[in-house]
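A look at the structure
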Amino acid sequence: MVRLSRAYSFASFVGIAIVAIALSWFYRNLAVEALVQYQTLSNVELTRTVANTLWPRYADFIANAGRIPVEHLATQPEIARLASELEQKLYEVNVTKVKIYNMYGLTVFSTDARQIGENKQDNPGFRKARNGETASDLVFRDHYSPSEDEVERRNLLSSYVPIRPTDDGPVEGVFEVYVDVTALLDDIARTERTVLAGVVGVLLVLYLFLYAIVRRADRLLEQHEDEERKAQQERIRHLAYHDALTGLPNRALFKDRLQHAVDLAQREGAMIGVMFIDLDRFKVINDSLGHERGDRVLVEAAARIRGAMRTSDTACRIGGDEFVVILERLASADEAARVAGRLLEEFARPMDVGARELVVSPSIGIAVYPGPTREVDRLLKDADAAMHGAKEMGRNRYLFYTEELNARVQETLEYELGLRQALARDEFTLHYQPRVDVQSGRVVSVEALLRWRHPARGIVLPDHFIRLLEDTGMITPVGEWVVRQACRQCREWHLAGHDGVRVAVNISLLQFRSNSLVYAVRRALTEAGLAPQFLELELTETVLADDMGQVLAQLRELRGAGVQISIDDFGTGYSALSYLTQFPVDYLKIDRSFIQGVGLREDHAAITRAIAAMARSLHLGVIGEGVETSEQMRFLQGIGCNVMQGDLFSPPVAAEHSADMLAIDMLAAADTRTPRGRRRRAEA
Ligand SMILES: Nc1nc2c(ncn2[C@@H]2O[C@H](COP(=O)(O)O[C@H]3[C@@H](O)[C@H](n4cnc5c(=O)[nH]c(N)nc54)O[C@@H]3COP(=O)(O)O)[C@@H](O)[C@H]2O)c(=O)[nH]1
């Protein structure tokens, strides 16, 4: 970095030098010019005086001097007289030499007699004077002879002055006057040196004064730079060890702090704890509300965690929605439980994250040392396992780590990991359950139901993994796979001759929130070459009760394209029935819990009747699901519900048997079926 003082020193030195040189040059020029002007005037005056007194008597001699042989000129009596008279006249002035030229440049007279007779007609000074102008020239002579004597190193001003008998008369000759200005020029040089010394002295004082200021500024700057550098390093260090969003220590600093806490605990024989906090369903919040609101949830969560902690605890954010608190110097495990309890209370208050208020709960796992956690470097892992245990137990709670819990959690984690890989490993499959028109005995539509062919556990039913798919955000890609697969299968049925059959697919609320549903459905239909009216989407009432505007827009688009919409598990959603008039719906599926209550509970029979009547008056189709007995079938027939689904006709069957299922008379099959036994065989 360029130092100010160094730059200032250099620039000022150059400045002072330039000022000194310029000043000296100007002063000398002005002074010398003034001297030349003054001395020239004085020479002109002298010439006029001489001309007035001497010229009338010598004018003829000088005019005719050209006729006298040059070698005799100096010996003419006029010359001696002239020399004598001039000597008197020049006695009191500082003129050192005088020459007189005639109009042809002949030196008629000179105080140095050796120069008499010389011709100066080509001399510019002479020529100028002959033409009526005065010409002066400052010259330096190493050796100079004013008369016959010689002097050395002189500065001389020589002036050529025209001689006129009267002020406005013609020029009749030229006077050359030499004045010795050596002393005057020396004076000028002395004054110049004095002025220069004075100016340079003042400039130096100014320079030193400014230098002191610049030096101080330099130091202040240096100090400021130092502070800025330190602050910058501190900022970088902070960024390296803190989470930019919440400002909490990050994973790197957490490891440091944990190590420190462990060292202290081992030295003092104290107890420490690690609390692993994971926000419940954060992925869903993030995906549905957007990342900006997700960030606000995280910031608010960090503030609440800090609020619930003791001053001796350290809270860190170690991942997306994962926070860890190091609990130092615990008196007992109960103290950790109290901190966790406070934290749950903090999270019970709704969070204001913009458009809506949210209650975001945490699941908390706690591992204490010494305790079931024997190795300190397992503290975090064990707290993590306890947190998963808390999630399994229903979330929004805390759980201490135990070895049994660990085994269970490991199993769940493996299961979860397997599910994450199931789509890529092609382990999902669809089973199909027919819906029968009991008036004709024919299959009118088929519900596609997802199954996971687990490598060790065999066929796993969706109740065991749909929620996990939703929690992990995998429901969207898996749901899209289901739609694609079902459309392809339906097209195959059509090609095999069952061309009126419709396929129904269950759609999760999260698929609506992902906003890719409409595109995925259209693409699946196009890829399979299936007309939209053969695809039915089953939604639960919770979907309709969600963000009405968002769901309605997508439903209208799908319905507009020709896709059929049905409400699944109808009657269990406890939501306002008015939505039925607003949403574009084609069918209501009466929940199987009501149908299975028929013959056992009058209220269930009443609800079933009411739903069928409502569907009829709203001109909606009605489907009875979970029909297991002939009694239930007859009851439904009696209330005008003729399309039924249930084990009485067929449980869900694998794709390879689905075409056979479409070919048979379902009523005849129902007569010979023992529902539950048949279900187990078909799904095995
Ligand atoms: N989002 C998605 N959800 C899906 C998908 N596939 C299934 N599901 C949902 O999982 C729930 C459980 O489904 P499943 O275990 O397949 O059970 C279905 C039938 O087997 C069962 N059923 C049908 N008839 C009978 C019967 O007579 N008795 C009896 N005990 N069970 C019967 O009902 C389930 C179908 O229910 P529904 O969808 O409400 O019509 C279930 O909620 C599925 O929705 C999927 O791809 N995506």
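Report follows, based on the coordinates.

Calculation rules
- Residues numbered from 1 in each chain as written.
- Predicted model: local features only at pLDDT ≥ 70, side-chain atom pairs only at ≥ 80, totals over all residues.
- Heavy atoms only, no water.
- Salt bridge = Lys/Arg side-chain N within 4 Å of Asp/Glu carboxyl O.
- Helix = DSSP H or I, 4+ residues; strand = E, 2+ residues; numbered from the N terminus.
- Buried < 20%, exposed > 50% of the residue type's maximum accessible area, 1.4 Å probe, protein only.
- 1 Å grid on protein atoms, 1.4 Å probe; cavity = no way out; pocket = protein on both sides within 12 Å on 5 of 7 lines; lining within 4 Å.
- Points joined across faces, edges and corners; volume = space filled by probe spheres on them.
- Near = heavy atom within 4 Å.
- Polar contact = N/O pair within 3.5 Å; in protein donor to acceptor, adjacent residues only side chain to side chain.
- Nonpolar A, V, L, I, M, F, W, Y, C, P; charged D, E, K, R; others polar.
- Pairing = 2+ DSSP bridges.
- Axes fitted to C-alpha atoms, helices over the stretch in contact; angles between N-to-C directions.
- Contact = heavy atoms within 4.5 Å.
- Phe/Tyr/Trp six-rings, centres within 6.5 Å; stacked < 30°, edge-to-face > 60°.
- Core = buried A, V, L, I, M, F, W, Y, C linked by side-chain atoms within 4.5 Å.

Some thoughts on the pattern of salt bridges
Taken as a whole, this structure holds 37 salt bridges when the rule is applied. Salt-bridge contacts for arginine 153 lead to aspartate 142; the nearest nitrogen and oxygen are separated by 3.6 Å. A residue pair is termed long-range when its members are at least 10 positions apart, and arginine 153 in strand E4 (residues 151-163) and aspartate 142 in strand E3 (residues 135-144) qualify at 11 residues. You can call arginine 153 exposed: its relative accessible area is 55%. Aspartate 142 sits in the partly exposed class, given a relative accessible area of 44%. As a salt-bridge pair, glutamate 536 and arginine 435 come within 2.9 Å of each other at their nearest N and O atoms.

Examining empty space enclosed by the protein
For the structure shown, the criterion picks out 2 cavities of 30 Å³ or more. What the largest cavity holds in volume is close to 40 Å³. Around the largest cavity, the lining residues are Val50, Ala51, Leu54, Trp55, Tyr58, Ile62, Leu82, Ile100, Ile163 and Phe175. Among the elements that take part in the lining of the largest cavity, helix H1 (residues 4-64) stands out by supplying 6 residues, more than any other.

Here we look at the site of the ligand
Neighbouring the ligand are 26 residues; Glu447, Lys589, Arg592, Glu625 and Glu628 lie closest to it. Aspartate 568 is positioned with one of its side-chain polar atoms (N or O) 2.8 Å from an oxygen atom of the ligand. Residue assignment for the shell around the ligand shows that the elements contributing at least two residues are strand E14 (442-454), strand E18 (564-570), helix H19 (592-597) and helix H24 (675-683). At 4 residues, E14 tops the list of elements feeding residues into the shell around the ligand. Classifying every residue of the shell around the ligand gives 7 nonpolar, 6 polar and 13 charged.

Comments concerning the sheet that holds strand E1 (residues 95-101)
The strand order E2-E1-E5-E4-E3 describes an open sheet built from 5 strands, whose pairing is antiparallel. Looking along the sheet, the strands with just one partner apiece sit at the ends: strand E2 (107-110) and E3. Along the sheet, successive strands turn relative to each other by an average axial angle of 25 degrees, direction set aside. The sheet strands contacting helix H3 (residues 77-89) are E1, E2 and strand E5 (173-180), and the helix crosses E2 at an angle near 45 degrees. Contacting E3, E4 and E5, helix H5 (residues 182-241) crosses the sheet at an angle of about 110 degrees to E4.

Overview of the environment of isoleucine 611
Along the chain, isoleucine 611 turns up in helix H20 (residues 602-617). Separated by 28 residues in the primary sequence, isoleucine 611 and isoleucine 639 have C-alpha atoms spaced 9.8 Å apart. Contact partners of isoleucine 611, with chain neighbours within four places excluded, come to Phe570, Gly571, Leu588, Ile590 and Phe594.

With respect to the packing of aromatic side chains
This structure, assessed with the given rule, holds 12 aromatic pairs. On the numbers, 6.4 Å between centres and 45 degrees between planes, the contact of phenylalanine 428 with tryptophan 481 is tilted. On the criterion of sequence distance, the pair formed by phenylalanine 428 in strand E13 (residues 428-437) and tryptophan 481 in helix H13 (residues 475-495) is long-range, its members being 53 residues apart. Their ring planes at 80 degrees and their centres at 6.1 Å tell us that tryptophan 452 and phenylalanine 465 sit as a pair that is edge-to-face. Of the two residues, tryptophan 452 is situated in strand E14 and phenylalanine 465 in the loop between strand E15 (458-460) and helix H12 (466-472); the sequence distance between them amounts to 13 residues. As far as the burial class goes, tryptophan 452 and phenylalanine 465 line up, both buried.

A word on the environment of threonine 246
Examined against the element boundaries, threonine 246 turns out to sit in the loop between H5 and helix H6 (251-268). Since its relative accessible area comes to 9%, threonine 246 is described here as buried. Distance in space between the C-alpha atoms of threonine 246 and alanine 303 is 8.1 Å, their sequence separation being 57 residues. Contact partners of threonine 246, with chain neighbours within four places excluded, come to Leu298, Val299, Ala302, Arg306 and Arg317. Among the polar contacts listed, one links the side chain of threonine 246 to the side chain of aspartate 243, at a separation of 2.4 Å.

Some details on helix H7 (residues 282-289)
Within the span of H7, buried status applies to Phe282, Val284, Ile285, Asn286 and Leu289. Where H7 is buried, its residues touch strand E6 (271-279), helix H8 (291-308), strand E10 (357-358), H12 and helix H14 (509-513).

Remarks on the nonpolar core
Counting residues in each nonpolar core, the largest one holds 85 residues, and the members touching the most others are Phe428, Leu535, Leu537, Leu588 and Phe649. Looking at this core, the element that brings in the most residues is H13, giving 9 residues. Apart from the residues lying within four places of it in its own chain, the contact partners of leucine 588 are Ile567, Phe570, Leu580, Ile611, Met614, Ala615, Leu620, Gly621, Val622 and Ile623. Counting residues in each nonpolar core, the second largest holds 36 residues, with Ala51, Ala59, Ile68 and Phe175 among its members.

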